[in-house]
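Listed below, chain by chain, are the residues.
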Amino acid sequence: MNNALILFYLTSGMFMGWSLGANQMANIFGAAVGTKMVKFKTAGIIASLFIIVGAVFGGAGAASTLGKLGAINELAGAFVAALSAALSVFMMTKAGIPVSTTQAIVGSIIGWSIFKGHSVHPETISKIVMAWVLSPLMSGMFAIGLMTFVKWYLRTFPVPLLKLDAIVRTGLIVTGAFGAYSSGANNIGNVMGVFINASPFAPIDLFGVYTFSSVQQLFLIGGIAISVGIFTYSYKVINTVGKSLLDLTPLSAWVVVTSHSLVLFIFASRSLKAFLESLGLPSFPLVPVSSSEAI
């Protein structure tokens, strides 16, 4: 297959990445930008960098589960599935509505599998749906716990207003960076996961020190596409999340984004999963979850 045709097929994944960036940036920095604690340009740069890092170095876990949902082992099928999901997300983004890219791509994979007469793995579907139910509940519990702690701390150890303002501003930036990394790690599977089994790239050896895998190359392309979406079309959804859903104070905005980021990280981190299992504790499935539901 020639390079031009490969690039054409990958455009639907890039479109999906662009749509995700335009829609999901609000979940990471919408509250911070909406409360005017962080400038949009600053938020965009931080989000772009950390989304790419999270996608390339932390995206394999959740993406691999998505790949088991329905085996798309040809580029044409991956193109159709990604394009269908991207169009759905784009329409919601144009309307200024935050939407789940995870639900969009899962629906596309199931639809493609039905069309081709392929089986869809019920065990994988049950894992993903369970995560859709758990993620907003967990995010809500984290938010209650964090806000309770913050209120107790400020009553017990009063902080001058100007100092508190500076601390919260820094906290929003740090949490936004963590949220961007978690979002890249968890949601890159929604962008390029359907292309994994049909990836056209060969591993690249970097001076004998590191091997840049075929999947990581796909994820890098997807991460860059997400970054472009952030800068070109995300502001409308940011206004919805940051201003229209709920009047947030800067402090409550920090609680919201931190809770959301923890949930995405839990469902994407292979290291955390391995650590919990080494202690004999139950772990969470590595599946893409809805950033919008969590926020």
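The structure displayed is predicted, hence computed values, not measured ones. (Residues numbered from 1 in each chain as written. Predicted model: local features only at pLDDT ≥ 70, side-chain atom pairs only at ≥ 80, totals over all residues. Heavy atoms only, no water.)

K.L.:
Tell me what's going on with the overall build of the protein, and back it up with residues and numbers.
P.N.:
Counting its regular elements, the protein contains 12 helices and two strands. Listed by position from the N terminus, the elements making up the protein come as α-α-α-α-α-α-α-β-β-α-α-α-α-α. On C-alpha atoms alone, the protein measures out to a radius of gyration of 19 Å, which is about the 19 Å that the 2.2 N^0.38 rule sets for 295 residues. In terms of overall dimensions, the protein has C-alpha extents of about 65 × 45 × 45 Å along its principal axes. The contacts in the protein between residues at least 6 apart in sequence include a share of 83% that link residues at least 24 apart. Surface summary for the protein: the accessible area is close to 13300 Å², and the carbon and sulfur share equals 71%. Across the protein, the 15 positively charged side chains and the 7 negatively charged ones have centroids separated by 11 Å. (Helix = DSSP H or I, 4+ residues; strand = E, 2+ residues; numbered from the N terminus. Rg over C-alpha atoms; globule rule 2.2 N^0.38 Å. Contact = heavy atoms within 4.5 Å. Areas by Shrake-Rupley, 256 points an atom, 1.4 Å probe, with all protein chains shown as cover. Lys, Arg positive; Asp, Glu negative; His and termini not counted. Charge placed at Lys NZ, Arg CZ, Asp CG, Glu CD.)

K.L.:
Please provide a residue-by-residue account of the packing of helix H2 (residues 40-58) against helix H7 (residues 161-192), values included.
P.N.:
Packed helices, taken two at a time, are described by the angle their axes make and the gap between the axes. Direction vectors running N to C along H2 and H7 enclose 40°, while the axes themselves pass 7 Å from each other. With respect to each other, H2 and H7 are oriented oblique. Pair H2 / H7 crosses with right-handed handedness. From H2, Ile46, Ala47, Phe50, Ile51, Val53, Gly54, Ala55 and Gly58 reach across to H7, where they touch Ile173, Ala177, Ala180, Tyr181, Gly184, Ala185 and Ile188. Class assignment for the residues of the contact of H2 with H7 results in 12 nonpolar, three polar and no charged. (Axes fitted to C-alpha atoms, helices over the stretch in contact; angles between N-to-C directions. Parallel < 35°, antiparallel > 145°, perpendicular 65-115°, else oblique. Left-handed = near helix turned anticlockwise from the far one by under 90°. Nonpolar A, V, L, I, M, F, W, Y, C, P; charged D, E, K, R; others polar.)

K.L.:
How would you sum up the pattern of salt bridges? Please name residues and give values.
P.N.:
The full count for this structure, using the stated rule, is two salt bridges. Residues Arg169 and Asp165 are paired through a salt bridge, measuring 3.2 Å at the closest nitrogen-oxygen approach. With Arg169 and Asp165 both in helix H7 and four residues apart, the pair spans about one turn of that helix. A salt bridge links Lys273 to Glu277; the shortest N-O distance between them is 3.3 Å. Residue Lys273 and its partner Glu277 are located together in helix H11 (residues 270-278), separated by four residues, close to a single helical turn. Given a relative accessible area of 24%, Lys273 falls into the partly exposed group. (Salt bridge = Lys/Arg side-chain N within 4 Å of Asp/Glu carboxyl O. Buried < 20%, exposed > 50% of the residue type's maximum accessible area, 1.4 Å probe, protein only.)

K.L.:
Got a sec to walk through H11? Specific residues and values, please.
P.N.:
Two to three positions downstream of the cap, the backbone nitrogen of Leu272 sits 3.0 Å from a side-chain oxygen, assigning the N-cap of H11 to Ser269. Downstream of H11 by one or two residues, Gly280 has phi in the positive range, about 75°. (Polar contact = N/O pair within 3.5 Å; in protein donor to acceptor, adjacent residues only side chain to side chain.)

K.L.:
Summarise the nonpolar core; cite the residues concerned and give the values.
P.N.:
Phe29, Val194 and Phe195 are the most contacted members of the largest nonpolar core, which has 63 residues in total. Looking at this core element by element, the count peaks at 12 residues for helix H1 (residues 3-34). (Core = buried A, V, L, I, M, F, W, Y, C linked by side-chain atoms within 4.5 Å.)

K.L.:
Can you lay out the environment of Phe57 for me, pointing to particular residues and giving the numbers?
P.N.:
The residue Phe57 is located in helix H2 in this model. Sequence-wise, Phe57 and Gln216 are 159 residues apart; in three dimensions their C-alpha atoms are separated by 7.4 Å.

K.L.:
Talk me through a nonpolar patch on the surface; I want residue IDs and the actual numbers.
P.N.:
Taken together, the side chains of Val53, Phe57, Ile204, Leu206, Phe207, Val209 and Tyr210 present a nonpolar region at the surface, about 730 Å² in accessible area. Of all the secondary structure elements, the ones that give two or more residues to the nonpolar patch are H2 and strand S1 (204-206). Mapped onto the elements, Val53 comes out in helix H2. Overall, Val53 belongs to the partly exposed group, its relative accessible area being 36%. (Patch = residues over 30% accessible without salt bridge, like charges linked within 9 Å, V, L, I, M, F, W, Y side chains within 5 Å.)

K.L.:
Describe in detail the side chain of His260, supporting the description with residues and values.
P.N.:
Examined against the element boundaries, His260 turns out to sit in helix H10 (residues 250-266). Exposure remark for His260: the relative accessible area of 0% places this residue in the buried category. One polar contact links His260 to Ser291, side chain to side chain, over a distance of 2.8 Å. Each residue touching His260, except ones within four places of it in the same chain, is listed here: Asn27, Ile28, Ser139, Ser291, Ala294 and Ile295.

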